[in-house]
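# Report on the structure
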Amino acid sequence: MSVLPGCHQREHRSVLAASERRLLIAIARRLPPAVNADHLSALGLAAMCAAGAGFAAIRVSGWGAAVVVLALAANWFGDSLDGTVARVRGQERPRLGYYVDHVIDLAGSAALFAGLACSGLMTPLLAVAVLAGYLLVSAEAYLATHAVGVFRMARFGLGPTELRLLLIAGALWSVGHPVVLLPGYGPARLFDVGGLAALAGLTVVFVTAAVGHTRRLHRTEPRPAVPLRRVG
């Protein structure tokens, strides 16, 4: 039996998940009533687009890194807080929230990697490959939510917040060190190195999740026995 998105179980086991949850609830309780979940979702999308523009601007000015930092902080505020505000206020709309949140995530990710592709910090083809890997992992997670009833927000201790922090660190470091020296290879773009590592990690996550969920579903839905037919 399929599971409606609004009825799924959220599983968030990243390194910062517990402390982040407490912080978000505290902020949600103090937000003015005029600010609702829809406003925060819109902020999250706009901020991710701004982060992509900030990365693209790094090519011409180091101040682009400051835009990236501020935009990703604003994205965390909007994207992480919208669902918490709805839950704290008892205004949940499970299916709408699930759909809109992930549509925004997909659009924002495309904008972010478009900015990285234009930044000069990352080979454009690699940016497209990492985006494709991220979309594969996202699609598998959405399918698993429907088929298994569990939406996993983190893998190997890394969730959205940890990934934002890695992007912020990379943007700041790239201002003075856009190129790194790899032993036995030589100079390489900072975000190319990070992108290759991310692509390898995304591949592992996709394969292990797909195999694991397929085996789980195979156990819960075994092949029906075929009745024997009489001959003659």
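Residues numbered from 1 in each chain as written. Predicted model: local features only at pLDDT ≥ 70, side-chain atom pairs only at ≥ 80, totals over all residues. Heavy atoms only, no water.

### Some points on the pattern of salt bridges
- Here the structure, examined in full by the defined rule, presents 3 salt bridges.
- One salt bridge in this structure joins Arg93 and Asp38, with 2.9 Å as the shortest N-O distance. Placement of Arg93 in the loop between α3 (63-88) and α4 (94-118) and of Asp38 in helix α2 (residues 37-57) is noted, with a sequence separation of 55 residues between them.
- For Arg93, a relative accessible area of 44% puts it in the partly exposed group.
- Note on Asp38: relative accessible area 44%, which makes it partly exposed.
- Residue Asp79 pairs with Arg164 through a salt bridge whose shortest N-O separation is 2.9 Å. Taken as a pair, Asp79 in helix α3 and Arg164 in helix α6 (residues 160-176) lie far apart in primary sequence, 85 residues in all.
- Judged by its relative accessible area of 23%, Asp79 falls in the partly exposed class. (Salt bridge = Lys/Arg side-chain N within 4 Å of Asp/Glu carboxyl O. Helix = DSSP H or I, 4+ residues; strand = E, 2+ residues; numbered from the N terminus. Buried < 20%, exposed > 50% of the residue type's maximum accessible area, 1.4 Å probe, protein only.)

### Thoughts on empty space enclosed by the protein
- By the definition in use, this model includes 1 cavity of 30 Å³ or more.
- Looking at the largest cavity, its volume works out to about 30 Å³.
- Lining of the largest cavity is provided by Glu140, Ala141, Ala144, Val150, Phe151, Arg152, Arg155 and His213.
- Those elements that place two or more of their residues in the lining of the largest cavity are α5 (124-148) and β2 (150-152). (1 Å grid on protein atoms, 1.4 Å probe; cavity = no way out; pocket = protein on both sides within 12 Å on 5 of 7 lines; lining within 4 Å. Points joined across faces, edges and corners; volume = space filled by probe spheres on them.)

### Looking at the packing of α5 against helix α7 (residues 190-220)
- Packing of α5 against α7 brings their axes to within 9 Å, and their N-to-C directions diverge by 25 degrees. Between α5 and α7, the angle falls in the class roughly parallel. Note that α5 runs across α7; the crossing there is left-handed.
- Residues of the contact of α5 with α7, tallied by class, amount to 19 nonpolar, 3 polar and 3 charged. (Axes fitted to C-alpha atoms, helices over the stretch in contact; angles between N-to-C directions. Parallel < 35°, antiparallel > 145°, perpendicular 65-115°, else oblique. Left-handed = near helix turned anticlockwise from the far one by under 90°. Nonpolar A, V, L, I, M, F, W, Y, C, P; charged D, E, K, R; others polar.)

### Quick notes on the packing of aromatic side chains
- Tallied over the entire structure, the rule returns 4 aromatic pairs.
- Ring plane angle 80 degrees and centroid distance 5.5 Å describe the contact between Phe55 and Phe191, whose orientation is recorded as edge-to-face. With a gap of 136 residues between them, Phe55 in helix α2 and Phe191 in helix α7 connect regions that are remote in the sequence. With respect to burial, Phe55 and Phe191 carry one shared label: buried.
- Linked through ring pairs, Tyr98, Tyr142 and Phe151 together constitute an aromatic cluster. (Phe/Tyr/Trp six-rings, centres within 6.5 Å; stacked < 30°, edge-to-face > 60°.)

### Digging into the packing of helix α1 (residues 17-30) against α3
- Interaxial distance between α1 and α3 falls to 9 Å at its minimum, and their mutual angle equals 70 degrees. As far as their axial angle goes, α3 and α1 are roughly perpendicular. Both α1 and α3 take part in a crossing whose hand is right-handed. Across from Glu20, Leu23, Leu24, Ile25, Ile27, Ala28 and Arg29 in α1, the residues of α3 making contact are Trp76, Phe77, Ser80, Leu81, Thr84, Val85 and Val88.
- Residue composition of the contact of α1 with α3, by class: 10 nonpolar, 2 polar and 2 charged. (Contact = heavy atoms within 4.5 Å.)

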